[in-house]
Amino acid sequence: MTTNSARSAFLRSYHLPAILVHYPRLVRAMQGIAMLSGIEAAACIRDFKAGQRWGSEAVNRYGGTHKVATDAWKHRRAIGPHLGDAA
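Figured I'd write up the structure that's included with this text. (Residues numbered from 1 in each chain as written. Predicted model: local features only at pLDDT ≥ 70, side-chain atom pairs only at ≥ 80, totals over all residues. Heavy atoms only, no water.)

Looking now at helix H3 (residues 24-34). If you check which residues of H3 are buried, you get Leu26, Val27, Ala29, Met30 and Ala34. The buried residues of H3 all sit within an arc of 160° when viewed along its axis, so they share a single face. (Buried < 20%, exposed > 50% of the residue type's maximum accessible area, 1.4 Å probe, protein only. Helix = DSSP H or I, 4+ residues; strand = E, 2+ residues; numbered from the N terminus. Arc of directions from axis to C-beta.)

So, on to the packing of H3 against helix H4 (residues 38-49). Contact geometry of H3 with H4 gives a least axis separation of 9 Å together with a crossing angle of 115°. Taken together, the axes of H3 and H4 are roughly perpendicular relative to one another. The hand of the H3/H4 crossing is right-handed. Facing H3, whose interface residues are Leu26, Val27, Met30 and Gln31, H4 presents Gly38, Ala41, Cys44 and Ile45. Classifying every residue of the contact of H3 with H4 by side-chain character gives 6 nonpolar, 2 polar and no charged. (Axes fitted to C-alpha atoms, helices over the stretch in contact; angles between N-to-C directions. Parallel < 35°, antiparallel > 145°, perpendicular 65-115°, else oblique. Left-handed = near helix turned anticlockwise from the far one by under 90°. Contact = heavy atoms within 4.5 Å. Nonpolar A, V, L, I, M, F, W, Y, C, P; charged D, E, K, R; others polar.)

A few words on the nonpolar core. In globular proteins that are soluble, nonpolar side chains generally tend to be buried together. Judged by nonpolar contacts, the single largest core of 18 residues is most densely connected at Met30, Leu36, Ile45 and Val68. Sorting the residues of this core by element identifies helix H2 (16-22), H3, H4, helix H5 (57-62) and helix H6 (65-79) as the ones contributing at least two each. Those residues within four positions of leucine 36 in sequence are excluded, and the remaining contacts are Met30, Gln31, Ala41, Ala58, Val59 and Val68. (Core = buried A, V, L, I, M, F, W, Y, C linked by side-chain atoms within 4.5 Å.)

Function cannot be read off these values alone, since they describe shape.
What follows is the structure, encoded as structure tokens:
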């Protein structure tokens with residue numbers, strides 16, 4: 001097994017509830033951006049980290065795992081608190 005395929009197999013074995021716990025803000029951003037359920041968002045994160053371009057039907061309609069992940073990350077950064085802002 002090559003290093004790349006071993007990494008993909010490892011990442012595909014992630015349990016979706018663990019992803020939901022470790023990436024709550026990114027999951028919420030994906031739910032808002034692409035209208036995904038929590039499990040679909042977690043599966044998209046898993047597939048994206050495994051290097052897969054396509055995921056569930058909802059992810060594919062939006063443009064693939066990379067587009068969903070990057071748009072959610074940008075959205076999360078745009079609405080999140082910035083360093084130096086007054087509290």
